[in-house]
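Structural overview
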Amino acid sequence: VIAHRGASSYAPENTIPAFDLALEMGADGLETDIRATRDGVLLLLHDQTLDRTTDGRGPLTERTWAEVRQLDAGSWFAPAFAGTRILTLDEFLVRYARRTSLALEVKAAGIEAAVARALEAYQEEKDITLTSFNWDTLVTLKRLQPTLRVGWLTRQFDEEAMEQVCSIGGVQICPPANQTTAELVARARSRGLQVRAWGVSDEAAMARAVEAGVDGMTVNLPDRLITYLRAQGLR
Ligand code: G3P
Ligand code: CA
């Protein structure tokens, strides 16, 4: 049960309230998205622009951290979250890396070296996985630091994608939940890969991924997945 941007159906995504709530609900891990400001500060933001999830405007890469740290990342979600700030990657790691499992999605190309450096102090943590849809980002991360655990967010779940992940020593393949089948999951496992599904927006997708036997999935409603797993006797 990996809380997608935290318990993001209940609190503003990628913020402390969403991450804390996910852990209170009993999630096994947190997923988040990494980008960088104009002056290279790594922080947690899903979109390229600030518009949807803060009171700022325009591309993040045009703003400095001094500007971005002033923004309100909570009011857009609900007035009760007014004053919630954007988290830097460092703040996030200090708060959560030793408490739970982390799935860190690298959203921007060109920040791989900075991400690898930020994780240097966390090499003992076995449960941090770096993911990306961008294949070149994963290759770069492994080249910079071969001990990093990486997983590929694929849009196509097939043998070719599995082969590709294995070719760089990746540990995880992350397919859309609606492509998971027991056969494909078994094939990935036989190659030594974990399978972590994404795109779980309703109970049908949840059920499909669970029945296929995935190792985990990202969900905006971690409590609902936990209830579902308990009902199935799987938790
Ligand atoms: O779990 C992976 C998922 O987060 C990828 O999609 O757009 O939510 O970052 P997105
Ligand atoms: Ca993500």
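Note: the structure precedes this text.
A quick note: this is a predicted structure, and the numbers were derived from the prediction, not measured.

1. Some thoughts on the nonpolar core
One finds Phe92, Leu93, Leu102, Leu104, Leu130, Ile173 and Met217 to be the most contacted residues of the largest nonpolar core, which totals 61 residues. Tallying contributions element by element places helix α8 (residues 203-212) first for this core, with six residues. For Ile173, the contacting residues outside a window of four places in its chain are Trp152, Thr154, Phe157, Ala161, Met162, Val165, Ala188, Leu193, Gln194, Val195 and Arg196. Grouped together as the second largest cluster of nonpolar side chains are nine residues, Leu45, Leu60, Trp65 and Val68 included.

2. Focus on the packing of helix α1 (residues 16-25) against helix α3 (residues 89-96)
Two elements in contact, α1 and α3, have axes whose closest approach is 12 Å; the angle formed by their N-to-C orientations is 20°. As judged from the angle between their axes, α1 and α3 are roughly parallel. Where α1 crosses over α3, the handedness of that crossing is right-handed. Only Phe92, Arg95 and Tyr96 of α3 make contact with α1, whose side of the interface consists of Ile16, Phe19, Asp20 and Leu23. Taken together, the residues of the contact of α1 with α3 break down into five nonpolar, no polar and two charged.

3. A short note on the site of ligand 1
Lining the immediate surroundings of ligand 1 are His4, Arg5, Glu31, Asp33, His46, Glu105, Lys107, Phe133, Leu153, Arg196, Trp198 and Thr218. One of the side-chain N or O atoms of Glu31 is found 2.9 Å from an oxygen atom in ligand 1. Interatomic distance of 2.9 Å between a side-chain N/O atom of Glu105 and an oxygen atom of ligand 1. Contact with the protein chains covers 88% of the free accessible surface of ligand 1, which is 290 Å². Residue assignment for the shell around ligand 1 shows that the elements contributing at least two residues are β2 (29-36) and β8 (194-200). For the shell around ligand 1, the class distribution of residues is three nonpolar, three polar and six charged.

4. Some words on the coordination of the calcium ion (ligand 2)
Distances from the calcium ion (ligand 2) to its protein donors, Glu31 (OE), Asp33 (OD) and Glu105 (OE), fall within 2.1 to 2.2 Å. In primary-sequence terms, the residues that donate to the calcium ion (ligand 2) follow E-x1-D-x71-E. Residue Glu31 is located in strand β2, and its partner Glu105 is located in strand β4 (residues 101-106); the two are separated by 74 residues in the primary sequence.

5. Observations concerning the pattern of salt bridges
Inspection of every chain in the model, using the stated rule, returns twelve salt bridges. A salt bridge links Glu13 to Arg52; the nearest nitrogen and oxygen atoms lie 2.7 Å apart. Taken together, the residues Glu13 in the loop between β1 (2-4) and α1 and Arg52 in the loop between β3 (42-44) and α2 (65-68) connect sequence positions 39 residues apart. Taken together, the salt bridges that share partners define one network made up of Arg5, Glu13, Asp33, Asp47 and Arg52.

6. Things to note about empty space enclosed by the protein
The final tally for this structure, using the stated rule, is one cavity of 30 Å³ or more. Approximately 70 Å³ is the volume attributed to the largest cavity. Class assignment for the residues of the lining of the largest cavity results in five nonpolar, five polar and one charged.

7. Here we look at the environment of Arg38
Topologically, Arg38 is positioned in the loop between β2 and β3. Assessed through its relative accessible area of 56%, Arg38 is described here as exposed. Taking C-alpha positions, Arg38 is 5.4 Å from Glu62, a pair spaced 24 residues apart along the chain. Among residues more than four places away in sequence, those in contact with Arg38 are Leu60, Thr61, Glu62, Arg63 and Thr64.

8. Focus on the packing of aromatic side chains
One pass over the structure, following the stated rule, counts seven aromatic pairs. For the pair Phe92 and Tyr96, a centre-to-centre distance of 5.2 Å together with 50° between the ring planes defines the contact as tilted. One end of the pair, Phe92, and the other, Tyr96, are both in helix α3, four residues apart, so they sit about a helical turn from each other. In terms of burial, Phe92 and Tyr96 fall into one category: buried. Every member of this aromatic cluster is reached through a ring pair, and the members are Phe19, Phe92 and Tyr96. Above the face of the Trp76 ring, Arg52 is positioned so that its terminal group lies 5.9 Å from the ring centre.

Thresholds applied
- Residues numbered from 1 in each chain as written.
- Chains lettered and ligands numbered in written order.
- Predicted model: local features only at pLDDT ≥ 70, side-chain atom pairs only at ≥ 80, totals over all residues.
- Heavy atoms only, no water.
- Core = buried A, V, L, I, M, F, W, Y, C linked by side-chain atoms within 4.5 Å.
- Buried < 20%, exposed > 50% of the residue type's maximum accessible area, 1.4 Å probe, protein only.
- Helix = DSSP H or I, 4+ residues; strand = E, 2+ residues; numbered from the N terminus.
- Contact = heavy atoms within 4.5 Å.
- Axes fitted to C-alpha atoms, helices over the stretch in contact; angles between N-to-C directions.
- Parallel < 35°, antiparallel > 145°, perpendicular 65-115°, else oblique.
- Left-handed = near helix turned anticlockwise from the far one by under 90°.
- Nonpolar A, V, L, I, M, F, W, Y, C, P; charged D, E, K, R; others polar.
- Near = heavy atom within 4 Å.
- Polar contact = N/O pair within 3.5 Å; in protein donor to acceptor, adjacent residues only side chain to side chain.
- Areas by Shrake-Rupley, 256 points an atom, 1.4 Å probe, with all protein chains shown as cover.
- Donors = N, O, S within 2.8 Å, 3.2 Å for Na, K, Ca; no water.
- Salt bridge = Lys/Arg side-chain N within 4 Å of Asp/Glu carboxyl O.
- 1 Å grid on protein atoms, 1.4 Å probe; cavity = no way out; pocket = protein on both sides within 12 Å on 5 of 7 lines; lining within 4 Å.
- Points joined across faces, edges and corners; volume = space filled by probe spheres on them.
- Phe/Tyr/Trp six-rings, centres within 6.5 Å; stacked < 30°, edge-to-face > 60°.
- Lys NZ or Arg CZ within 6 Å of the ring centre and 35° of its normal.

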